[in-house]
Amino acid sequence: MDVKNAFLHGDLAEVVYCQQPSGFVDATSPTHVCRLNKSLYGLKQMPRTWFLRFTHFLHSLSFVSSKCDTSLFILQHGTSLAYLLLYVDDIILTASTTSLLESLVHALTGEFSMSDLGDIHHFLGINVHRSTTGLFLSQEQYTLEILDRAQMLNCKPISTPVDTSSKISGADGVPYSDPTHYRRLAGALQYLTLTRPDISYAVQQLCLVMHAPMEGHYQLLKRVLRYLRGTTHYGLQLYRSSSRDLLAYSDADWAGCPDTRRSTSGFCVFLGSNLVSWSSKRQHTVSRSSAEAEYRAVANCVAESCWLRQLLAELHRPPRRATIVYCDNVSVVYLSSNPVQHQRTKHVEIDLNFVRDRVALGEVKVLHVPTESQFADVFTKGLSSSVFRDFCSSLNVFPSAVRT
């Protein structure tokens with residue numbers, strides 16, 4: 001659904017005056033000003049007033065605001081459920097019964113001027129294709145626009161977004177001649193990672209040097225674009241599934257940054273067979289061992305899984321079992337359940353206690369996985385073509401023609 005002139009619906013709480021608009025000046029009092037009761041476009045208060053106005057109406061319909069995501073609203077009516085997601089003036093609304101959905105649409109269109117666009121097919125630049133197996137999310141048109149902006153629509157495709165060689169230092173080479181152009185492309189690629197987890201690591205590496213990109217970094221960016229040229233039709237497949245169980249993979253590339261020797265953390269979280277969350281991020285501090293780097297990565301993964309568990313509970317679909325977190329470091333598996341503290345673990349004590357508390361509560365289990373089955377490697381390092389393709393398939397990144 002799409003709200004028409006959303007910001008004009010907001011009621012102002014503050015006293016705001018404005019000059020009489022051109023063409024509507026009172027001839028008897030041309031120097032007077034207008035006091036605004038409603039929000040207008042251009043006011044700094046307009047986004048908040050619209051959101052408060054919309055939230056107040058949803059609460060009158062018995063919707064409850066989510067604590068995990070302030071843009072999410074949940075309605076439980078007997079055994080029926082409805083979820084509403086708001087992004088400025090764009091709305092996704094779904095319900096477990098047709099009658100509840102129709103009644104909510106009628107209530108919303110009666111209160112606000114909005115358009116009912118029917119079944120979801122496009123939202124915030126993301127194309128949604130519905131099939132018998134589930135939903136296929138892609139950003140093909142957005143990818144083509146990025147390639148056109150970079151003048152690389154006719155470039156030669158390549159099989160991986162990043163090679164397996166060591167990372168380029170931020171201080172080596174010649175500064176790139178047009179850093180603004182670099183930042184625009186790198187920023188555009190960030191939004192593309194919403195449906196393309198396969199480029200998350202490469203984009204994360206590109207964004208680390210936005211402040212001062214070198215010529216070598218621009219060559220890496222062009223490699224990512226060459227990879228996208230051959231995979232513009234790829235996207236994320238979401239399958240129909242009743243599973244509520246969370247499964248996660250966590251990995252770290254120890255001291256991988258050549259400038260700061262910080263490690264790169266990566267994780268991916270599955271709800272049943274569907275990939276629902278992933279991350280590639282440089283750690284904030286230097287790790288003194290590979291086990292420490294891996295444990296910090298596990299702590300980040302556990303924090304994300306805790307948030308997802310709380311979100312699922314708010315959606316009235318709580319997980320039935322503990323979240324399984326797979327890690328390919330045996331020391332981390334032992335540390336996650338070993339209550340003994342000693343001198344060599346004091347500097348990671350916060351992460352240790354956080355993960356151990358979740359393990360003790362039965363919310364998380366940390367288990368070992370062989371390196372060849374560690375899907376989170378995609379988010380921490382460059383991989384060979386064959387391994388990269390296998391892992392992308394495991395992450396449900398497929399071409400649009402594949403829906404099985």
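Residues numbered from 1 in each chain as written. Predicted model: local features only at pLDDT ≥ 70, side-chain atom pairs only at ≥ 80, totals over all residues. Heavy atoms only, no water.

Asker: Explain the sheet that holds strand β18 (residues 397–399) here, please?
Answerer: Where strands meet in a sheet, backbone hydrogen bonds hold them as pairs that are either parallel or antiparallel. If you trace the five strands from one edge of the open sheet to the other, you get β9-β10-β11-β12-β18, paired in antiparallel fashion. Strand pairing shows two members of the sheet lacking a second neighbour, β9 (122–123) and β18, which therefore form its edges. Relative to β18, strand β12 (residues 234–239) runs antiparallel, the two sharing three bridges. Paired with Leu236 across the bridge in β18 is Val397. (Pairing = 2+ DSSP bridges. Helix = DSSP H or I, 4+ residues; strand = E, 2+ residues; numbered from the N terminus.)

Asker: Even after reading the chapter, I still don't get the pattern of salt bridges, so can you show me in this structure?
Answerer: Two side chains with opposite charge may pair up if their charged atoms get near one another. A full pass over the atoms with the stated rule returns nine salt bridges. A salt bridge links Asp251 to Lys381; the shortest N-O distance between them is 3.2 Å. Here Asp251, found in strand β13 (residues 246–253), pairs with Lys381, found in the loop between β17 (364–368) and α10 (385–394); they are 130 residues apart in sequence, far enough to count as distant. Using a relative accessible area of 1% as the deciding quantity, one classes Asp251 as buried. Given the relative accessible area of 27%, Lys381 is considered partly exposed. Connected via shared salt-bridge partners are Asp11, Lys38, Arg53 and Glu111. (Salt bridge = Lys/Arg side-chain N within 4 Å of Asp/Glu carboxyl O. Buried < 20%, exposed > 50% of the residue type's maximum accessible area, 1.4 Å probe, protein only.)

Asker: Mind showing me how you'd approach the UniProt feature "domain: Reverse transcriptase Ty1/copia-type" (unreviewed entry) in the protein chain here?
Answerer: With numbering matched to this structure, UniProt assigns "domain: Reverse transcriptase Ty1/copia-type" (unreviewed entry) to residues 1–162. In this annotation, residues 1–162 is assigned 24% helix and 27% strand; the end-to-end C-alpha distance for the span is 39 Å. (UniProt positions renumbered as here; feature names shortened; annotations may be inferred.)

Asker: What's the story with the packing of aromatic side chains in this structure? I'm lost.
Answerer: Note on aromatic pairs: each is described by the distance of the centres and the angle between the planes. The final tally for this structure, using the stated rule, is 13 aromatic pairs. Here Tyr142 and Tyr191 contribute two aromatic rings whose centre-to-centre distance is 5.6 Å and whose plane-to-plane angle is 80°, an arrangement assigned as edge-to-face. Residue Tyr142 is located in helix α3 (residues 140–149), and its partner Tyr191 is located in helix α4 (residues 179–192); the two are separated by 49 residues in the primary sequence. Cluster of aromatic residues (ring-pair linked, three or more members): Tyr249, Phe270, Tyr326, Phe375 and Phe391. (Phe/Tyr/Trp six-rings, centres within 6.5 Å; stacked < 30°, edge-to-face > 60°.)

Asker: Before we go on, may I ask you to explain helix α2 (residues 98–111) in this structure?
Answerer: Along an α-helix, residues three or four positions apart point the same way, because every turn accommodates 3.6 residues. An ideal rise of 1.5 Å per residue puts 20 Å on 14 residues; α2 measures up with 20 Å between its terminal C-alpha atoms. Those residues of α2 that sit buried are Leu100, Leu104, Val105 and Leu108. Taken down its axis, α2 places every buried residue within 130° of arc, on the same side. What points out from α2, more than 90 degrees from its buried face, is the exposed set Thr98, Ser99, Glu102, His106 and Gly110. If you follow the buried residues of α2, they end up packed against α1 (46–60), β5 (72–77), β6 (80–87), β7 (90–95) and β8 (114–115). (Expected span 1.5 Å × (residues − 1). Arc of directions from axis to C-beta. Contact = heavy atoms within 4.5 Å.)

Asker: How should I be thinking about the pairing of β5 in this particular structure?
Answerer: If a strand is regular, its side chains alternate between the two faces of the sheet. Here strand β4 (residues 64–65) runs beside β5; their pairing, made up of two bridges, is antiparallel. Within β5, the residue paired with Val64 across the bridge is Ile74. Between β4 and β5, which pair antiparallel one after the other, the connecting turn spans six residues. Inspection of the sheet shows β5 paired to β6 by six bridges, in the antiparallel sense. If you follow Phe73 over to β6, its bridge partner there is Leu84. Taking the residues that link successive antiparallel strands as the turn, the β5-β6 hairpin has two residues, and the phi of Gly78 there is positive, at about 65°.

Asker: I'm lost on helix α8 (residues 330–337) in this one. Help?
Answerer: Regarding α8, the residues found buried are Val332, Val333, Leu335 and Ser336. Along the axis of α8, the buried residues cluster in a sector spanning 165°; they form a single face.

Asker: Help me out: how do you make sense of the side chain of Ser305 in this one?
Answerer: Residue position: Ser305 is located in helix α7 (residues 290–314). Excluding anything up to four places from it in sequence, Ser305 contacts Leu246, Thr323 and Val364.

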